[in-house]
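If you want the building blocks of each chain, they are given just below.
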Amino acid sequence: MSGDERLQIVSRTPRRKRRYWYPTFESSSDFEMRWWRDRYENEPPPEDHWVSIMLGAREVARSKYVMTGARVDPVLGDLPHGQLDILAFEVAVPLRGKGIGRATVQAIRDRHPLPRLTALNDGVESRKFWDGIGWIRHEPPRATLKSVERVTYSEP
């Protein structure tokens, strides 16, 4: 990714179809994970955010994150400006390893400068990404199977 290209974050507001609510991502073979096809029985709460990351007219990444207010977390400590927890995050397969993931995290940070950024992770491949950008890994206190347990990461 060149320095003059700028990522844009586009909100994807879930819409109701019959009984369920669905995120409004476009169908694409560039994304492997199916979390963006999830359906919800109730209207999603306002703290839930689904976003497409665009580079020009091309969708290069997708994310779902939740924002919460100020609190004290038993693992992360004092969060005076709240927390932005990245629950799902995926870079388009053909663009992986080109700095899009790192730039996407920065774009999210630029859009939300105050809350502490965290990421909930349960995949070995994506752990390589969060470890690679230098985020702090917080293992579950009683982890039994380290390769399958959900791990929380936080920005340094």
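Everything that follows concerns the structure shown earlier in this document.
This structure is a prediction, so every number in the text was calculated from the model and none was measured. (Residues numbered from 1 in each chain as written. Predicted model: local features only at pLDDT ≥ 70, side-chain atom pairs only at ≥ 80, totals over all residues. Heavy atoms only, no water.)

1. Observations regarding unusual backbone geometry
So, step 1. Located in the positive-phi region is Arg18, a residue other than glycine, with phi close to 60 degrees.
So, step 2. On the secondary structure map, Arg18 appears in the loop between strand E2 (15-17) and strand E3 (20-22).
So, step 3. Under the relative-accessibility criterion, Arg18 is labelled exposed at 83%. (Helix = DSSP H or I, 4+ residues; strand = E, 2+ residues; numbered from the N terminus. Buried < 20%, exposed > 50% of the residue type's maximum accessible area, 1.4 Å probe, protein only.)

2. A closer look at the packing of aromatic side chains
Ring pairs (aromatic) are described by centroid distance and by the angle formed between their planes.
So, step 1. Counted by the stated rule, this structure contains seven aromatic pairs.
So, step 2. Ring plane angle 70 degrees and centroid distance 5.6 Å describe the contact between Tyr40 and Trp50, whose orientation is recorded as edge-to-face. Here Tyr40, found in the loop between E3 and strand E4 (48-55), pairs with Trp50, found in strand E4; they are 10 residues apart in sequence, far enough to count as distant.
So, step 3. Trp50 gets classed as buried once you look at its relative accessible area, which sits at 3%. (Phe/Tyr/Trp six-rings, centres within 6.5 Å; stacked < 30°, edge-to-face > 60°.)

3. So, the pattern of salt bridges
So, step 1. Inspection of the entire model under this criterion finds nine salt bridges.
So, step 2. One salt bridge connects Glu32 with Arg96, and the closest N-O pair in it is separated by 3.5 Å. In this pair, Glu32 sits in the loop between E3 and E4 while Arg96 sits in the loop between strand E8 (83-91) and helix H1 (100-111), placing the two residues 64 residues apart along the sequence.
So, step 3. Arg71 is the salt-bridge partner of Asp73, the closest N and O atoms lying 3.0 Å from each other.
So, step 4. Under the relative-accessibility criterion, Asp73 is labelled buried at 13%.
So, step 5. Residues joined in a network through salt bridges with shared partners are Glu32, Glu90 and Arg96. (Salt bridge = Lys/Arg side-chain N within 4 Å of Asp/Glu carboxyl O.)

4. A word on the sheet that holds strand E9 (residues 116-121)
So, step 1. Across the sheet, seven strands lie side by side as E1-E4-E5-E8-E9-E11-E10; this open sheet has mixed pairing. Each edge of the sheet is formed by a strand with only one pairing partner; in this case those strands are strand E1 (8-11) and strand E10 (136-138). Geometrically, the sheet is characterised by an average inter-axis angle of 30 degrees between neighbouring strands, direction not taken into account.
So, step 2. By the bridge criterion, four bridges tie E9 to strand E11 (residues 151-154) in an arrangement that is antiparallel. Note on E11: the bridge partner recorded for Thr118 is Ser154.
So, step 3. Each of E1, E4, strand E5 (58-68), E8 and E9 touches H1; the most contacted strand, E8, lies at about 150 degrees to it. (Pairing = 2+ DSSP bridges. Axes fitted to C-alpha atoms, helices over the stretch in contact; angles between N-to-C directions. Contact = heavy atoms within 4.5 Å.)

5. Let's talk about the nonpolar core
So, step 1. Within the largest apolar cluster, 32 residues are counted, with the highest numbers of intra-cluster contacts made by Ile53, Val60, Ile86, Ile100, Val105, Trp130 and Trp135.
So, step 2. Secondary structure elements with two or more residues in this core: E4, E5, E8, H1, E9 and E11.
So, step 3. Those residues in contact with Ile53 that sit more than four places away from it in its chain are Leu7, Gln8, Ile9, Arg58, Glu59, Val60, Ala61 and Thr104. (Core = buried A, V, L, I, M, F, W, Y, C linked by side-chain atoms within 4.5 Å.)

6. Quick notes on the side chain of Ser63
So, step 1. Among the structural elements, Ser63 can be located in strand E5.
So, step 2. From its side chain, Ser63 meets the backbone oxygen of Ala88 in a polar contact 3.0 Å long.
So, step 3. When residues no more than four places from it in sequence are discounted, the contact partners of Ser63 are Phe25, Trp35, His49, Trp50, Val51, Ile86, Ala88, Phe89 and Ile108. (Polar contact = N/O pair within 3.5 Å; in protein donor to acceptor, adjacent residues only side chain to side chain.)

7. Side note on the packing of H1 against helix H2 (residues 124-132)
So, step 1. The contact between H1 and H2 brings their axes to 11 Å, and the two run at 65 degrees. The way H1 lies across H2 gives a crossing that is right-handed. Contacts between H1 and H2 involve Gly101, Arg102 and Val105 from the former and Phe129, Trp130 and Gly132 from the latter.
So, step 2. A class-by-class count of the residues in the contact of H1 with H2 yields three nonpolar, two polar and one charged. (Left-handed = near helix turned anticlockwise from the far one by under 90°. Nonpolar A, V, L, I, M, F, W, Y, C, P; charged D, E, K, R; others polar.)

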